[in-house]
Amino acid sequence: MSTQGQFPGAAGESERTRRLRSLGLNEPTADEAFDRFAHLAASITRAPIAMVNFINDDRQMFRGLYIPPNSAEAATEGGASWADRGIAFDLPTRQMPLSHGFCPHVVAQRSPLALDDILAYPRFAGNPVVDELGVRAYLGAPLVDDTNTVIGTVCVLDREPRQWGRERLRDIQHLAEALLSEIRLRDNLLAQQQEMFAAFDGSPFPIMLTDGPGHEIRYANAQHADIFGAPTAYGPVGHAYPQLGAAGLQQAVAEAYHTGRTTVLNDVRLQSTRVDAQRIQQIFSFTCTPLRVARTGQVNGVLTVGMDVTAQSRTEEELGTLAALLVDRLQQNGSTTGRAGIGAGDTGLILPG
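The following paragraphs examine the structure supplied in this document. (Residues numbered from 1 in each chain as written. Predicted model: local features only at pLDDT ≥ 70, side-chain atom pairs only at ≥ 80, totals over all residues. Heavy atoms only, no water.)

### Describing the pairing of strand β2 (residues 59-66)
- With respect to burial, β2 is a largely interior element, 7 of its 8 residues being buried.
- Sheet topology places strand β1 (residues 49-55) next to β2; 6 bridges connect them, and they run antiparallel. Residue Ile 55 lies in a different strand from β2, and its bridge partner there is Gln 60.
- Linking β1 back to β2 in an antiparallel pair, the connection comprises 3 residues. (Buried < 20%, exposed > 50% of the residue type's maximum accessible area, 1.4 Å probe, protein only. Helix = DSSP H or I, 4+ residues; strand = E, 2+ residues; numbered from the N terminus. Pairing = 2+ DSSP bridges.)

Listed below in structure tokens is the structure:
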């Protein structure tokens, strides 16, 4: 596997966070497959709330979440919502501090945890979710991936004491094992994708891939690093490349991500960062193409291709043709499902996920 253009995690970052980044699971973004899995967990255990929870060094991220349709009522006590009761639990952004709940304990212990009545356990009774959310019962199992890293949990909650018993404990463990098959598939697809990026390593054009709604840089080829410098590990475009951010590239990437359509940024004037060259002004054009998950069509990243037009008469059409050729190269290497990628009315490249 080619490692060109791949960046190590930040200093002091845990192996768990690095794994989540590599799997594309380090954001609290809703995921339809994980939501379905959370619903299944709730159905099997007959619990009102279920989560597929990935945990990095800073927060818990509910990529999968099930709350009953009457969640406004289920999540209240005397008419006060969770937010009204002061807990830092934001359902729209699906995240929670590490201080809240019991999944961090499951991850730390690498073993399932069954709490029939949380108030009966002094160690857990003072947790903020008990008073602020009224959680009284918890059942969770760790997600241990193929690298033996605990990346999160599958868990269910109840606002009434529950006798989970051995059967429910076995159920939640089986669910965790089943979910790991989905994560293993994603891992394999990502590995194949990294192999395909090797085709970009020798390209004379700067190429960059950003991931998720935060537009964090996941890949940049050698030409990109040579022209614009080495990016901050996994930083967003504007943070890793202030020059590019100020010139509007992060906005163009964000537009492609949110609209699902290719955006083009022309006449970007930048000072060269090459150490072996004079600091001359160069003019670039960039095309930003959204990448889609094959099964859902959801945009999950953006492929950006640049072209130095300082001394050349390049057109937007030529830049679009170059981007299309690169997309086709990815398609020919098996990264798509056979659906159309670039063309009239372009809606983006489709990748597995």
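### Remarks on empty space enclosed by the protein
- Throughout the structure, instances matching the rule amount to 3 cavities of 30 Å³ or more.
- Of the voids in this model, the largest cavity is the one considered here, and its volume is about 100 Å³.
- Met 51, Met 96, Gly 101, Phe 102 and Leu 157 are, among the 16 residues lining the largest cavity, the residues nearest its centre.
- Counting residues per element, the ones that place at least two in the lining of the largest cavity are β1, β2, α6 (128-133) and β6 (150-158).
- Partitioning the lining of the largest cavity into residue classes produces 12 nonpolar, 4 polar and no charged.
- Here the second largest cavity is characterised by a volume of approximately 50 Å³.
- The set of elements that each furnish at least two residues to the lining of the second largest cavity consists of α1 (15-23) and α7 (165-201).
- It is α7 that contributes the most residues to the lining of the second largest cavity, 4 residues altogether. (1 Å grid on protein atoms, 1.4 Å probe; cavity = no way out; pocket = protein on both sides within 12 Å on 5 of 7 lines; lining within 4 Å. Points joined across faces, edges and corners; volume = space filled by probe spheres on them. Nonpolar A, V, L, I, M, F, W, Y, C, P; charged D, E, K, R; others polar.)

### Digging into the sheet that holds β1
- Strand order in the open sheet made by the 6 strands is β3-β2-β1-β6-β5-β4, with antiparallel pairing throughout. At either margin of the open sheet sits one strand with a lone partner, and together these are β3 (95-97) and β4 (113-115). The sheet shows a mean angle of 25° between the axes of neighbouring strands, direction not considered.
- Lying over the sheet, α1 contacts β1, β2 and β6, oriented at roughly 90° with respect to β6. (Axes fitted to C-alpha atoms, helices over the stretch in contact; angles between N-to-C directions. Contact = heavy atoms within 4.5 Å.)

### Examining the state of the cysteines
- Counted according to the given criterion, the structure contains 0 disulfides.
- This cysteine, Cys 103, is not joined by any disulfide, and Cys 155 carries the nearest cysteine sulfur, 3.6 Å off.
- According to the relative accessible area criterion, Cys 103 is buried, its value standing at 3%.
- Residue classification places Cys 155 among the buried positions, given a relative accessible area of 1%. (Disulfide = S-S within 2.5 Å.)

### Observations regarding the nonpolar core
- Core analysis: the largest hydrophobic core is formed by 29 residues, its most contacted members being Phe 54, Leu 143, Val 154, Val 156, Leu 179 and Ile 183.
- In terms of residue count, the dominant contributor to this core is α7 (7 residues).
- When near neighbours in sequence (up to four residues on either side) are disregarded, Val 156 contacts Ala 41, Ala 42, Thr 45, Ala 47, Ile 49, Ala 50, Ala 137, Tyr 138, Leu 139, Trp 164 and Ile 172.
- Core analysis: the next-biggest nonpolar cluster, separate from the first, contains 23 residues, Leu 65, Leu 115, Leu 133 and Cys 155 among them. (Core = buried A, V, L, I, M, F, W, Y, C linked by side-chain atoms within 4.5 Å.)

### Some words on the side chain of Ser 203
- Note on placement: Ser 203 falls in the loop between α7 and β7 (207-211).
- For Ser 203, a relative accessible area of 13% translates into the label buried.
- Separated by 3.1 Å, the side chain of Ser 203 and the backbone nitrogen of Phe 205 make a polar contact.
- Sequence-distant contacts of Ser 203, that is, excluding residues within four places in its chain, are made with Asn 221 and Gln 223. (Polar contact = N/O pair within 3.5 Å; in protein donor to acceptor, adjacent residues only side chain to side chain.)

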